[in-house]
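Residue-level structural notes
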Amino acid sequence: MSPDTRAEDPRDRARFVFQGTVKKLRASALDEVPASDRTVVVRVERVIHAPEVLGDCAGEDVTVRLAEGETVKSGESLIFHTRGWIFGQGIAVESVGHDPATKRAVTALSHHPGDPAKSLRAREAMEQSGRADLIVTGRVSAVRAAPRETPARASRTASGTAARRVSEHDPLWQEAVIEVEEVHKGRNPGPRVVVCFPKSADVRWHLAPKFRKGQRGVFLLHREQLVRGAARAGGAARGAGLYTALHPADVQPLAELPRIRRAAGKARG
């Protein structure tokens, strides 16, 4: 079964993953969050994956709202997979699941020990490697305005949600022509591949990669984001495949290639 058709584990979308000890049940460390049967106070022992703003909160108490049906015990050392909820004088997060904090589990999640933000980016790259239809290394040889009828016009936002055809969020589609050096996943597209990307810095699109001429890297490209059957104008890249790369992790530095190859291989298996 392909990564796109299997049931997604909610943990895959957790952006703040940490090892912590449950201090108090039915409690809260924030005035803004009333204590309930689903709130617990957890002391953060080690940050594993996190946005940069949360990367240095080891040693702090955070309020965790447990998922429906999720239970923990006071004194347990656990790995919490969470999403952001409230940030202010303290931190409150929503759990999407937890695991025992074994040394093996912590090591497996710590792609870049000591750098939680880099670990988060590496994990997202591996997830996107499994979802990508085509992975290539190469160089961007040209960037140009996309034809108005480009199939990416009605595709998806950088966060993966369906995008509406509304002018106030016009993505200002561009095309990047990538000269392919090596194919690591998917069908060989030939000497070049065309990638549609939004030039707009609108909130809907600001996280999507912005390609530039001369850029080299590993490109994780997707076909399923395109509208099926939409027409494509010709131009210099006539006959080349047309893809999108809308997730921030879809463009990676060459140094991440070995890790991406391994993740792509696991997805195929």
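Scroll up a little and you will see the structure.
In this report, the structure presented in the accompanying data block is examined. As the structure is a computational prediction, the values presented were derived from the model and not from experiment. (Residues numbered from 1 in each chain as written. Predicted model: local features only at pLDDT ≥ 70, side-chain atom pairs only at ≥ 80, totals over all residues. Heavy atoms only, no water.)

**Some words on the overall build of the protein chain**
Counting its secondary structure elements, the protein chain contains 3 helices and 11 strands. Its helices and strands in sequence order give the protein chain the pattern β-β-β-β-β-α-α-β-β-β-β-β-β-α, from N to C terminus. For the protein chain, the proportion of contacts with a sequence separation of at least 24, taken over those separated by at least 6, is 71%. Accessible surface, the protein chain as shown: approximately 13,900 Å² in total, 48% of it carbon and sulfur. (Helix = DSSP H or I, 4+ residues; strand = E, 2+ residues; numbered from the N terminus. Contact = heavy atoms within 4.5 Å. Areas by Shrake-Rupley, 256 points an atom, 1.4 Å probe, with all protein chains shown as cover.)

**Observations concerning the side chain of Q128**
Along the chain, Q128 falls in helix 2 (residues 116-131). Among the residues examined, Q128 registers a relative accessible area of 7% and is labelled buried. Among the polar contacts made by the side chain of Q128, one reaches the side chain of D250 at a distance of 2.8 Å. Residue contacts for Q128: discarding those within four places in its chain leaves L220, H222, H247, A249 and D250. (Buried < 20%, exposed > 50% of the residue type's maximum accessible area, 1.4 Å probe, protein only. Polar contact = N/O pair within 3.5 Å; in protein donor to acceptor, adjacent residues only side chain to side chain.)

**Description of unusual backbone geometry**
For residues other than glycine, phi is negative in most cases, and the peptide bonds are mostly trans. In the Ramachandran plot, R26 falls in the positive-phi region, its phi being about 50° despite a non-glycine side chain. Tracing the sequence through the fold places R26 in the loop between strand 1 (16-25) and strand 2 (39-49). Owing to a relative accessible area of 55%, R26 belongs among the exposed residues under this scheme. The backbone phi angle of L172 is positive, close to 55°, even though this residue is not glycine. With respect to the secondary-structure elements, L172 resides in the loop between strand 6 (134-145) and strand 7 (173-185). Looking at L172, the relative accessible area reads 46%, which means it is partly exposed.

**With respect to the packing of aromatic side chains**
Summed over the entire model, instances satisfying the criterion amount to 5 aromatic pairs. A network of ring pairs unites the aromatic residues F16, F18 and F80 as a single cluster. Sitting above the plane of the Y243 ring, R223 keeps its charged end 4.4 Å from the centroid. (Phe/Tyr/Trp six-rings, centres within 6.5 Å; stacked < 30°, edge-to-face > 60°. Lys NZ or Arg CZ within 6 Å of the ring centre and 35° of its normal.)

**Some remarks on the pairing of strand 5 (residues 91-100)**
Burial of strand 5 is extensive: 8 of the 10 residues sit out of reach of the surface. Sheet analysis places strand 3 (residues 61-65) next to strand 5, joined by 3 bridges and oriented parallel. In the strand pairing of strand 5, V64 is matched with V93. The antiparallel pairing of strand 4 (residues 77-87) with strand 5 creates a hairpin that spans 3 residues between the two strands. (Pairing = 2+ DSSP bridges.)

**Regarding the nonpolar core**
Across soluble globular proteins, nonpolar side chains have a tendency to be buried as a group. Formed by 18 residues in total, the largest nonpolar core has its most connected members in F16, F18, V42, V64 and F80. Breaking this core down by element, the ones donating at least two residues are strand 1, strand 2, strand 3, strand 4 and strand 5. Among all residues touching F16, those that are not within four sequence positions of it are V47, H49, A50, L54, C57, F80, H81, T82 and V93. Counting residues in each nonpolar core, the second largest holds 15 residues, with F197, F211, A245 and V251 among its members. (Core = buried A, V, L, I, M, F, W, Y, C linked by side-chain atoms within 4.5 Å.)

**Focus on the pattern of salt bridges**
Tallied over the entire structure, the rule returns 9 salt bridges. The closest approach of N and O atoms between E181 and R216, which form a salt bridge, is 2.7 Å. Note that E181 is positioned in strand 7 and R216 in strand 9 (residues 216-221), a separation of 35 residues in sequence. The exposure class assigned to R216 is partly exposed, which follows from its relative accessible area of 44%. A salt bridge links R261 to E182, with the shortest nitrogen-to-oxygen separation between them at 3.1 Å. On the criterion of sequence distance, the pair formed by R261 in helix 3 (residues 257-268) and E182 in strand 7 is long-range, its members being 79 residues apart. (Salt bridge = Lys/Arg side-chain N within 4 Å of Asp/Glu carboxyl O.)

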